[in-house]
Each structure stands twice: as structure tokens, then as C-alpha cells.
Amino acid sequence: MGVERPGPFRGRRLITASMQYEQLCSRHDKRKDDFEERFPDETGVLFGCSCSVPVCYGGADGTDTRPNAPRFPTTGSSAPAESFSEVEDWSFLRDPSLRIDRYDRLKFIPLNDSGTNYLTFGLENRTEFQYLNNNDWGAGPQNVTGDVLERLMPDIDLRLGDHARVFVTLAFNEFTGKYPRPGIDKDIADGHEGFVEFCSNLHDPHPGWDVIVGRQEVVLGTGRLLDDNEGVNVRSAFDGVRVGYDKPKGRIDLIVVKPVEINPGAWDDAPDPSITLWGLYASNLRWSHRFMSDVYFLDYDAKSAMYGNQSAREQRRTIAGRYFNRLPGESPRAGFDYNVETGFQWGSFGNRSIRAWGAGGNIGWTLPGEVWRARFGLQADAISGDKGQPNTLGTFNALFPRGAYFGPKFALIGPANLLAVQPQFWFHPLQNVTGDICWIWFWRESTKDALYSFENVPLRPANLSDAHYIGSQPNLELRWAIREHFLAALNLAGFVTGTFLQQSPPSKEVVFVNIGLTYRF
């Protein structure tokens with residue numbers, strides 16, 4: 001047997017046994033051919049208020065392109081909970097015998113004799129080539145040569161004993177193309193994160209109380225309402241406070257934050273003074289191994305919002321519950337899984353009352369086997385639209401969702417006024433390769449409401465057609481862990497237009513290609 005080396009992940013974000021096994025094996029195989037590591041089925045590591053729980057108002061969850069060995073999804077969502085630098089705990093490197101990777105000298109730099117105070121450095125570099133033909137079905141700006149997106153994110157983590165730390169991430173996001181999308185493609189240089197954390201025990205996966213103050217990524221579930229926007233080039237962050245209490249049978253978080261406005265220049269990002277969000281999120285409440293649940297409440301206040309041609313203050317509250325039998329990222333096992341969630345929104349938009357709702361469910365069956373393991377799934381979702389009533393607004397607001405809301409990478413349609421159905425197939429042909437295929441069919445939930453992009457920006461107004469059917473979107477993603485620090489990903493997608501788009505032209509069919517390489521230590 002080789003040297004047993006603990007995993008580097010601590011607290012608040014679920015990191016699975018299979019994930020740790022793959023990461024540690026990739027390290028030890030370089031020097032110890034006989035290495036074999038065994039971990040419990042559940043590590044129970046949770047990240048902030050996210051608690052690694054998918055919110056299912058939309059379709060299949062997008063898949064991160066962070067460089068870890070591909071893992072197989074088991075809960076009706078894409079493999080969640082990649083290793084985030086802000087939750088890695090490298091204190092085990094106090095033992096010199098465990099320093100087997102070339103970067104270990106940067107992962108643990110002791111500042112005192114006991115090693116209780118130390119520095120950790122990290123880096124992520126992602127390069128992508130992206131081609132999109134007939135953007136916005138021919139109505140948007142077109143670039144026939146494609147775009148190159150580059151992201152560089154260095155970070156530093158200062159640990160001060162067992163109870164306090166300071167974490168900082170810088171972000172340099174460049175876009176080589178004619179038409180960068182505001183807020184998501186380009187940000188020359190900025191401080192992406194900068195927070196202090198106080199915790200009862202930084203090295204305990206269920207530490208009890210913890211508090212984070214400052215600029216931070218906030219992820220609820222797999223990012224259906226709050227996400228770091230990993231799918232696009234520029235990740236999202238929030239300024240504020242997060243207070244959590246974590247025990248093995250569940251976690252509860254309180255957040256009070258403002259979203260950070262993304263500006264394309266250098267060192268010019270600032271919190272949006274017009275928007276405030278606070279909420280409570282109880283997650284992974286474990287009633288039995290076959291039944292778990294989440295409950296959360298969010299309060300969103302925007303001083304100025306726009307729906308249709310009306311601009312007014314939006315005060316919106318969301319309450320939702322989720323019921324499931326497998327944790328995202330849980331060690332894969334054969335059999336049936338389910339994941340069902342419903343939510344309701346109320347409040348006011350100017351002099352109109354808000355009454356909106358979302359519901360979604362995913363069921364699936366995983367076949368046994370280590371290689372060529374396969375999962376067949378079906379996702380169905382309904383997201384309310386406006387009914388045209390003068391005193392009531394029925395359009396659902398997904399707040400701050402992930403960029404690739406439907407499918408792994410490509411997204412034109414946002415999560416509002418939609419009905420969607422998608423069969424899914426995940427496969428694992430090689431130890432370091434995974435893939436997924438899905439085909440999504442879209443309808444408008446209400447013919448009185450528009451077709452929306454993200455942030456509820458209308459793509460087509462409601463009055464151009466009475467048709468429900470929008471069209472369909474096929475997706476294919478392949479992920480290849482080339483080596484421990486390198487991950488390659490290929491995404492192919494398209495859009496076949498339906499009656500609504502054909503009656504509200506232009507309605508050209510779309511082709512999308514994305515090829516990416518991520519390097520991370």
C-alpha cells in the first residue's frame with residue numbers, strides 16, 4: 001500500500017468519495033504504482049449556503065469545466081461540486097511524507113514552527129475557442145470567425161490557526177472577438193473574491209458555526225437561483241455576509257448580500273447599490289437514506305426592474321422545497337434516483353402583485369459497472385409566465401442563475417415562461433472520460449408573455465405569435481482528464497426552430513461549438 005494522503009477539501013461543499021479517490025490516485029500513480037485509497041461513501045463537505053443541492057426550475061444542470069477527473073452524475077443533475085480553492089484545506093501537508101506533487105510546496109507554506117499558520121497559493125487558467133452560428137436565431141451580432149475566451153484566476157489563502165483565515169482571488173478575463181456580451185465575456189482585471197472567515201474548526205467537515213464576511217461566490221444548489229456563473233467566462237460574486245451552522249444531519253445558512261456589477265475595465269467592479277438579497281437555506285435534511293429534503297426562503301429587492309414596457313421597483317420573495325434520495329456528487333451506485341422541487345414567488349412590482357411559480361423533476365436509472373457505467377434520465381420543468389393581467393405579474397424571476405442554464409454549455413433561452421422536457425443519457429467510456437447527451441424541447445408556458453434570455457431580457461415579444469412551441473436544442477459534451485492538472489472539454493449544440501420562432505423571424509437554425517482546456521493547481 002502507498003502512503004495514505006487525506007483529501008484537501010473541508011467544509012460546506014460536497015466532495016465525494018469517488019472524486020477524492022480519482023484525485024488522489026492521479027497524484028500517487030506518478031510515484032506509487034501500488035497506491036490504493038479507500039474513502040467513506042459520503043464526505044459531507046458543504047460550500048457556503050450552496051450545500052450542493054440542485055434547484056430544478058430549469059433543465060439539465062450545466063457542467064463545470066474545472067480540471068478534475070470526470071465523475072458520473074447520480075442525482076439527475078450534472079456532476080456538481082468541483083474543487084473550489086476557497087474550500088480546500090491543505091493542512092495535512094505539515095507531514096513532509098505527504099508532499100508528493102510538484103505544487104505541494106505552494107500549497108503549504110508554513111509561517112510558524114508548528115505550521116498552524118500557513119499560506120496556500122492556487123491558479124486556474126482556462127482557454128476556450130467558441131463558434132456560434134446564427135446568434136439569437138439570426139437577430140443578434142454575428143462573428144463568422146469565432147471567439148477566444150481566456151480566464152486567469154490566481155488565489156491566496158492565509159490560515160491563522162484553526163479558527164480564522166483570509167482568502168483572495170484575482171480575475172483576469174479576456175475576450176478576443178467582435179461582440180463581447182456585457183458582464184459575462186470580458187473583465188480586464190478585478191478582485192473577484194476577498195473575504196475573512198471565522199469558524200469553530202476550519203478542519204472539520206461539519207464545524208458547527210462559521211461566518212464569512214466580504215466579497216465571495218455564493219452558490220445555492222447547482223446554481224438555479226444563485227450561482228458563480230461558471231459556464232461563462234466571467235464568474236459572478238457578491239458582497240455581504242454568510243452565516244452557517246453545519247452538522248452531519250443538515251445545514252442552515254443565512255445570507256445578506258449585494259451582487260457585484262461586472263465592468264469590462266480594470267479594478268472597476270463594485271456592488272450594485274440598487275439590489276439587495278437575503279435568505280435562509282436549510283439543506284440536506286436527512287430523514288433516511290432514501291429521503292432527504294431542503295427548504296429555503298429568499299427575499300429580493302431591486303429598486304428598478306423592467307417587465308415588458310413597465311419599469312418599477314421589484315420586491316419578490318421565494319419559498320421552495322426539494323425532495324430527493326441522492327446527494328449530488330455522491331459515490332455512484334446503480335439503481336433509481338429522483339429529484340423533485342417546487343417553488344412559489346410573491347411580492348410586488350410597482351402597483352402589480354407578483355404571483356409566479358416553478359416546478360421541476362428528474363428521475364433516472366443508473367446501470368451497474370465501473371467503465372461504461374450509464375445513466376438514463378428524464379427531466380421535466382415548468383416555469384411560469386405572465387398571463388397579461390393588468391394587476392398581476394406572473395413572470396418567474398430566477399434571480400442570479402448559472403450561465404448555461406439548459407444544457408452543459410450553450411444557452412440562448414433563460415428560465416422564465418417555459419415548459420421544457422429533456423431525455424438524458426450519461427456515459428463513462430474510459431476511466432478519465434465522461435460524456436452526456438440530451439435533447440431539450442421548449443414551449444412557452446403562457447402565450448401572453450415573451451420569450452426571455454437571462455435576467456428576463458426579452459428575446460421575442462409575446463404579440464408576434466400565439467404559438468407555444470419554441471423549438472428544440474440537442475447537446476453533447478465530452479470531458480477528458482488528460483492529466484491531474486489538465487482537463488479538456490468539447491461541447492456541441494444546436495437549435496432547431498419551432499412554430500413560435502418561425503412566426504416571429506428571423507428564425508435561422510443555430511450551430512454551437514466550444515473547445516476548452518483548463519489548467520489548475
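Scoring rules and cut-offs
Residues numbered from 1 in each chain as written. Predicted model: local features only at pLDDT ≥ 70, side-chain atom pairs only at ≥ 80, totals over all residues. Heavy atoms only, no water. Helix = DSSP H or I, 4+ residues; strand = E, 2+ residues; numbered from the N terminus. Buried < 20%, exposed > 50% of the residue type's maximum accessible area, 1.4 Å probe, protein only. Contact = heavy atoms within 4.5 Å. Areas by Shrake-Rupley, 256 points an atom, 1.4 Å probe, with all protein chains shown as cover. Patch = residues over 30% accessible without salt bridge, like charges linked within 9 Å, V, L, I, M, F, W, Y side chains within 5 Å. Salt bridge = Lys/Arg side-chain N within 4 Å of Asp/Glu carboxyl O. Core = buried A, V, L, I, M, F, W, Y, C linked by side-chain atoms within 4.5 Å. pLDDT = per-residue confidence, 0-100. Pairing = 2+ DSSP bridges. Polar contact = N/O pair within 3.5 Å; in protein donor to acceptor, adjacent residues only side chain to side chain.

### Some details on the overall build of the protein chain
Along the backbone of the protein chain there are three helices and 23 strands. Across the 521 residues of the protein chain, 60% fall into the buried class. Of the contacts formed within the protein chain by residues at least 6 apart in sequence, a portion of 66% connects residues at least 24 apart. Counting every atom, the protein chain has about 19,600 Å² of accessible surface; 61% of that belongs to carbon and sulfur.

### Brief notes about a nonpolar patch on the surface
Taken together, the side chains of Trp 209, Tyr 245, Ile 252, Leu 254, Val 256, Trp 278 and Leu 280 make up a nonpolar region of the molecular surface, amounting to roughly 620 Å² of accessible area. By residue number, the principal contributor to the nonpolar patch is strand E8 (residues 250-261), which donates three residues. The topology assignment puts Ile 252 in strand E8.

### Section: the environment of Phe 108
Within the secondary structure layout, Phe 108 lies in the loop between helix H2 (104-107) and strand E1 (109-110). Phe 108 sits 10 residues away from Tyr 118 along the chain, and the two C-alpha atoms are 6.3 Å apart. Apart from the residues lying within four places of it in its own chain, the contact partners of Phe 108 are Trp 90, Ser 91, Leu 93, Arg 94, Arg 99, Gly 115, Tyr 118 and Leu 119.

### What about the nonpolar core?
Membership of the largest hydrophobic core comes to 44 residues, with the highest contact counts inside it found for Trp 137, Leu 277, Phe 442 and Ile 470. Counting residues per element, this core draws most heavily on strand E11 (residues 291-307), which supplies four residues. Non-local contacts of Trp 137, meaning those with residues more than four positions away in its chain, are made with Leu 412, Ile 413, Leu 451, Leu 459, Arg 460, Phe 495, Thr 497, Leu 501, Pro 506, Ser 507, Lys 508 and Val 510.

### Topic: the confidence of the model for the protein chain
Overall, the prediction assigns the protein chain a mean pLDDT of 83, with 82% of residues at 70 or greater. Within the protein chain, the element-level pLDDT minimum falls on helix H1 (residues 17-28), averaging 37, and the maximum on helix H3 (residues 499-502), averaging 97. Predicted confidence is poor over residues 1-5, with pLDDT under 50, and the contacts of this stretch with residues over four places away or in other chains come to 25 contacts. The model gives residues 9-83 a pLDDT under 50, and that stretch makes 332 contacts with residues more than four places away or in other chains.

### Thoughts on the pairing of strand E5 (residues 187-199)
Relative to E5, strand E4 (residues 164-176) runs antiparallel, the two being bridged by nine bridges. Among the inter-strand pairings, Leu 170 is bridged to a residue of E5, identified as Gly 191. In terms of strand pairing, E5 meets strand E6 (residues 208-216) through six bridges, oriented antiparallel. Within E6, the position partnered with Phe 195 by the bridge is Gly 214.

### A few points about the side chain of Asp 157
Residue position: Asp 157 is located in strand E3 (residues 147-160). Owing to a relative accessible area of 3%, Asp 157 belongs among the buried residues under this scheme. A polar contact of 3.0 Å, which involves the side chain of Asp 157, links it to the side chain of Arg 159. Of note is the side chain of Asp 157, whose polar atom sits 3.0 Å from the side chain of Arg 165.

### Brief notes about the pattern of salt bridges
Opposite charge on two side chains permits them to pair, given that their charged atoms come into close proximity. Under the definition given, this model contains 28 salt bridges. Here Glu 230 makes a salt bridge to Arg 126, at a shortest N to O gap of 3.2 Å. Placement of the pair is Glu 230 in the loop between E6 and strand E7 (238-247) and Arg 126 in strand E2 (residues 117-133), with a sequence separation of 104 residues. In terms of burial, Glu 230 and Arg 126 fall into one category: buried. Residue Asp 157 pairs with Arg 159 through a salt bridge whose shortest N-O separation is 3.0 Å. Looking at Arg 159, the relative accessible area reads 1%, which means it is buried. By sharing partners, the salt bridges in this structure join Glu 124, Arg 126, Glu 128, Arg 151, Glu 217, Asp 228, Glu 230, Arg 235 and Lys 409 into a single network.

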